[in-house]
Amino acid sequence: MADPDYLLLDEILLSSLKDRQVEFIQYGDPVAFRYLFESRYRKAFEERSLRFLVQVNDVPLEQMPYDLLQMGGN
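Residues numbered from 1 in each chain as written. Predicted model: local features only at pLDDT ≥ 70, side-chain atom pairs only at ≥ 80, totals over all residues. Heavy atoms only, no water.

Trainee: How would you summarise the overall build of the chain if you had to cite specific residues and measurements?
Mentor: When you go through the chain residue by residue, the secondary structure sums to three helices and two strands. Ordering the α and β elements of the chain from the N terminus gives α-β-α-β-α. For 74 residues, the compact-globule estimate of 2.2 N^0.38 gives 11 Å, and the C-alpha radius of gyration of the chain, at 12 Å, lies within 12% of that figure. Projected onto its principal axes, the C-alpha positions of the chain cover 30 × 30 × 20 Å. (Helix = DSSP H or I, 4+ residues; strand = E, 2+ residues; numbered from the N terminus. Rg over C-alpha atoms; globule rule 2.2 N^0.38 Å.)

Trainee: A description of the pattern of salt bridges should follow, citing residues and the corresponding values.
Mentor: Summed over the entire model, instances satisfying the criterion amount to five salt bridges. When the shortest N-O distance is used, the salt bridge between Arg34 and Glu38 registers 3.0 Å. Of this pair, Arg34 and Glu38 are both found in helix H2 (residues 30-46), four residues apart, which corresponds to roughly one turn of the helix. Asp67 is the partner of Arg34 in a salt bridge, and the nearest nitrogen-oxygen pair spans 2.9 Å. Linking Arg34 in helix H2 with Asp67 in helix H3 (residues 66-71), this pair joins segments that are 33 residues apart in sequence. In this structure, a network of salt bridges that share partners links the residues Arg34, Glu38, Arg42, Glu46 and Asp67. (Salt bridge = Lys/Arg side-chain N within 4 Å of Asp/Glu carboxyl O.)

Trainee: Before we move on, can you summarise the nonpolar core with the specific residues and values?
Mentor: Tyr27, Phe33, Phe52, Val54 and Leu68 are the most contacted members of the largest nonpolar core, which totals 15 residues. At the level of secondary structure, the elements contributing two or more residues to this core comprise strand E1 (22-27), H2, strand E2 (51-56) and H3. In terms of residue count, H2 provides more of this core than any other element does, five residues in total. Apart from residues lying up to four places away in sequence, Phe52 is in contact with Val22, Glu23, Ile25, Phe37, Phe45 and Met71. (Core = buried A, V, L, I, M, F, W, Y, C linked by side-chain atoms within 4.5 Å. Buried < 20%, exposed > 50% of the residue type's maximum accessible area, 1.4 Å probe, protein only. Contact = heavy atoms within 4.5 Å.)

Below is the structure:
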């Protein structure tokens, strides 16, 4: 999700998301993100035991990894 106004940095909103078992991940460095996602989140995502939001600020959406964009539709 693009968040140009940084709304997802609001502590109350983040707390509410955690209460609903939604993980919040910031996307910046593509290599660091890929490592984090594959090592911590991939299995849970495939098992559908995890919901998460990816915050994208400084990266144009057309430069996002294709598989990540496709997951947005799930």
